[in-house]
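Observations on the three-dimensional arrangement
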Amino acid sequence: MRRAVRALALTASLAVAAFVPGRLVAAPVPEAERGPVDVRRTTLVVRDVDRALAFYRDALGLEVVYDQVITRPPREGDAPDAERRMRLALLRANDDFVGVIGLLEYTSPRLTEPPNETERPGIGDVILVINAADLDRRFERVRATPGVRIATEPYLTSYPAPDGKGSIAVRFSAVWDPDGYFVELNQLLGTAAGTEGR
């Protein structure tokens, strides 16, 4: 069930911001190359929005742009007074259309707790990718956030370039957020795949 919820909640990895020293390289795809679909937002189902905000807002620095309680009528077969309530907070990074993370807490009725913690992402799980220009400073805030588990301390690595010639340098780290989502926190030191020639 946990993996199914995660698969539905997180449909794509999210690059919040990518930097080359001195210039921002994240940009919309040119009009001539645009397809019919945009990935608008990734929504994470969480135990407690306030606890999740300590990670995504306070430690990572995303800005809250929406925070409301949503009420829905009872479903068919429920008691007439079985109103459903949830709290949804939306946070944005450097793009107000695609760089948005939702935090969704079902407050009534509450969801059951997921099973035990995993040690690495598996099939059906997702990986949320966030780039930070100030990884060292940001990572110390993340480390101090209650409920966060460190998977990998920051280290320098590289990935093959899209054309197979050369490499893309990245400072990589990874953590489990307070709800068990696997989050890569990276500092991109080269040109992001798909942005060559911009």
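Reference entry: report on the structure contained in this document. (Residues numbered from 1 in each chain as written. Predicted model: local features only at pLDDT ≥ 70, side-chain atom pairs only at ≥ 80, totals over all residues. Heavy atoms only, no water.)

1. Focus: the overall build of the protein
For the record, the criterion: For helices the rule is a DSSP run of H or I covering at least 4 residues; for strands it is a run of E covering at least 2, with both sets numbered from the N terminus onward. Exposure classes here rest on a 1.4 Å probe applied to the protein chains alone. A residue is buried below 20% of its type maximum, exposed above 50%, and partly exposed in between. When checking whether two residues touch, look at their non-hydrogen atoms; a contact exists if any pair is within 4.5 Å. Here the open area of atoms and residues is found with the Shrake-Rupley method and a 1.4 Å probe, where only the protein chains shown may cover a residue.
Across its full length, the protein holds three helices and ten strands. The order of α-helices and β-strands along the protein, N terminus first, is α-β-β-β-α-β-β-β-β-α-β-β-β. The buried share among the 198 residues of the protein stands at 39%. For the protein, restricting intrachain contacts to residue pairs at least 6 apart in sequence, the fraction spanning at least 24 positions comes to 61%. Element-wise, carbon and sulfur atoms account for 53% of the exposed surface of the protein, whose accessible area totals about 11,500 Å².

2. What to know about the nonpolar core
Spelled out, the test is: Working definition of a nonpolar core: buried Ala, Val, Leu, Ile, Met, Phe, Trp, Tyr and Cys residues. They are joined through side-chain atoms within 4.5 Å.
The biggest cluster of nonpolar side chains holds 26 residues, and the ones touching the most others in it are Y56, L103 and L185. Contributions of two or more residues to this core are made by β3 (41-45), α2 (49-59), β5 (84-92), β6 (100-108), β7 (127-131), α3 (135-143) and β10 (182-188). Discounting chain neighbours no more than four positions away, the residues touching L103 are L44, V46, V49, A52, L53, Y56, R87, L88, A89 and L91.

3. Some thoughts on the environment of L90
Mapped onto the elements, L90 comes out in strand β5. Separated by 27 residues in the primary sequence, L90 and E63 place their C-alpha atoms 8.3 Å from one another.

4. Overview of the side chain of D177
Where we set the bar: Polar contact is defined as a pair of N or O atoms within 3.5 Å, subject to the rule that within protein one atom must be able to donate a hydrogen and the other to accept it, and that residues adjacent in sequence are counted only when both atoms are side-chain atoms.
Among the secondary structure elements, D177 is positioned in the loop between β9 (167-176) and β10. At 2.9 Å, the side chain of D177 and the backbone nitrogen of G180 are in polar contact.

5. Here we look at the pattern of salt bridges
Applicable threshold: Salt bridges are counted wherever a side-chain nitrogen of Lys or Arg sits within 4 Å of a carboxyl oxygen of Asp or Glu.
In this structure the tally under the stated criterion is 14 salt bridges. Among the salt bridges present, the one from R87 reaches D67, with a minimum N-O distance of 2.8 Å. Linking R87 in strand β5 with D67 in strand β4 (residues 63-72), this pair joins segments that are 20 residues apart in sequence. Overall, D67 belongs to the partly exposed group, its relative accessible area being 30%. For R143, the salt bridge identified is with E153, shortest N-O distance 2.9 Å. In this pair, R143 is assigned in helix α3 and E153 in strand β8 (residues 149-160), connecting sequence segments ten residues apart. Given a relative accessible area of 38%, E153 falls into the partly exposed group. One salt-bridge network, held together by shared partners, links R47, E113 and D179.

6. Things to note about the pairing of β8
The criterion, for reference: Two strands pair if DSSP finds at least two bridges between them.
Pairing of β8 with β9 involves nine bridges; the strand directions are antiparallel. Within β9, the position partnered with S158 by the bridge is A169. The antiparallel pairing of β8 with β9 creates a hairpin that spans six residues between the two strands, and G164 there sits at a positive phi of about 80 degrees.

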